[in-house]
Amino acid sequence: MIKTDILIIGAGPTGLFTVFEAGLLKLKCHLIDALPQPGGQCSEIYPKKPIYDIPAFPEILAGELVDNLLKQIAPFQPGFTLGERAETIDKLEDGSFIVTTNKGTKHHAPIVAIAGGLGSFEPRKPPIQNITQFEDKGVEYIIRDPELYRDKDVIIAGGGDSALDWSIFLTDVASSVTLVHRRNEFRGALDSVEKVQELKNLGKIELVTPAEVVDLVGENHLTAVVIKQGAETYTRSCDHFVPLFGLAPKLGPIADWGLEIEKNAIKVNNALDYQTNIPGIYAIGDVNTYPGKLKLILCGFHEATLMCQSAYQRIFPDKRYVMKYTTVGGVEGFDGSKKEAPKAVVKSID
């Protein structure tokens, strides 16, 4: 059983920043995320996509934002349960909660903060009739361990950042890399598109456009794909087929937790603390809804800050918390680190 002060469901930017705000209040956090790494969409879908509305950053890449947030919260030593989806929740007599994942991992906390962005993510699958029979038998929708493709023939389908970036990365791992896209234009970052073109010119990536994979071949394991390019259809042998068409957001099992739901989002009290209709459960970031809601990362940061103040009062109802600015009180991590402004030196005057 994993015990913590605030259990955060969702390790995207809002969930990560919650760790920092909770840490200032001396509250420990643990995060659950169905994805294999922190960062949510910023890490999984568009790590090289620039973001322009983060205060003090005229421009920052999504992946860089996640790296900065992880660095910022490191002193508060958060725990992570990654690659698992929050499945069920049980409320105990003392008002605390036990959240169990789809793999049976149990978490106990007095506060649950749902920061799941647009919900849990499931891969968008191409409309290939027999694709499910090859899942985990040569077909993968998310690349978790690049070593799986060591010295293998890999065919990737897609035209976004994820397809481009993994095609580039696997040229140093796989025996061969083929990128199939149904258009000649790509939706990824310009430097990634240029890098793929460069690798194509060097013979390290085979680019097949406009085309799409329409069928899969094999018995116990994938051995080939069928590619349709214009009026021509042909078979290409391979060891792995990786369709990277993004992730589809779904509220998932959380929709069955008894929360008020409106248009696939969780209703909260925005006038106070972003608490749901169940005391002790909050929803912050893109997963919530209220009058005037804006689905922006910076709004999620604001909501996380107010939520943590409310969570502190709920955990310690008899304590009076006096807010101190970090410029005055500094930042003291659970790892013993301390950041604070230099003290003024007072000298006597003769």
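Parameters and conventions
- Residues numbered from 1 in each chain as written.
- Predicted model: local features only at pLDDT ≥ 70, side-chain atom pairs only at ≥ 80, totals over all residues.
- Heavy atoms only, no water.
- Buried < 20%, exposed > 50% of the residue type's maximum accessible area, 1.4 Å probe, protein only.
- Helix = DSSP H or I, 4+ residues; strand = E, 2+ residues; numbered from the N terminus.
- Pairing = 2+ DSSP bridges.
- Core = buried A, V, L, I, M, F, W, Y, C linked by side-chain atoms within 4.5 Å.
- Contact = heavy atoms within 4.5 Å.
- 1 Å grid on protein atoms, 1.4 Å probe; cavity = no way out; pocket = protein on both sides within 12 Å on 5 of 7 lines; lining within 4 Å.
- Points joined across faces, edges and corners; volume = space filled by probe spheres on them.
- Nonpolar A, V, L, I, M, F, W, Y, C, P; charged D, E, K, R; others polar.

### Quick notes on the pairing of strand β10 (residues 111–114)
1) Next: Side chains of β10 alternate between two faces, with Ile111 and Ala113 and Val112 and Ile114 buried alike.
2) Next: The pairing of strand β2 (residues 6–9) with β10 spans four bridges and is parallel. Following the sheet pairing, Leu7 is matched in β10 by Val112.
3) Next: Pairing of β10 with strand β22 (residues 281–283) involves three bridges; the strand directions are parallel. By the bridge assignment for β22, Ile114 is matched with Ala283.

### Some thoughts on unusual backbone geometry
Generally, phi is negative for residues other than glycine and the peptide bonds are trans, each holding for most cases.
1) Next: The peptide bond linking Thr209 to Pro210 adopts the cis configuration, its omega dihedral lying at -20 degrees.
2) Next: On the secondary structure map, Pro210 appears in the loop between β14 (206–208) and β15 (212–218).
3) Next: Positive phi outside glycine occurs at Tyr274, with the angle close to 65 degrees.
4) Next: Considering the arrangement of structural elements, one finds Tyr274 in the loop between β21 (265–267) and β22.
5) Next: Since its relative accessible area comes to 4%, Tyr274 is described here as buried.

### Topic: the nonpolar core
1) Next: Ile6, Ile114 and Trp257 are the most contacted members of the largest nonpolar core, which totals 56 residues.
2) Next: The leading source of residues in this core is helix α6 (residues 297–315), at six residues.
3) Next: Apart from the residues lying within four places of it in its own chain, the contact partners of Ile6 are Ala22, Leu27, Lys28, Cys29, His30, Ile111, Ala113, Cys308 and Ala311.
4) Next: One finds Ile143, Leu170, Leu199 and Leu207 within the second-largest nonpolar core, a separate group that totals 19 residues.

### Overview of empty space enclosed by the protein
1) Next: Under the defined criterion, the tally for this structure stands at one cavity of 30 Å³ or more.
2) Next: Of the volumes computed, that of the largest cavity is approximately 90 Å³.
3) Next: Lining of the largest cavity is provided by 11 residues; of these, Glu44, Tyr141, Ser162, Leu244 and Gly246 occupy positions nearest its centre.
4) Next: Of the residues belonging to the lining of the largest cavity, the class tally is eight nonpolar, two polar and one charged.

Just geometry here; none of it tells us what the structure is for.
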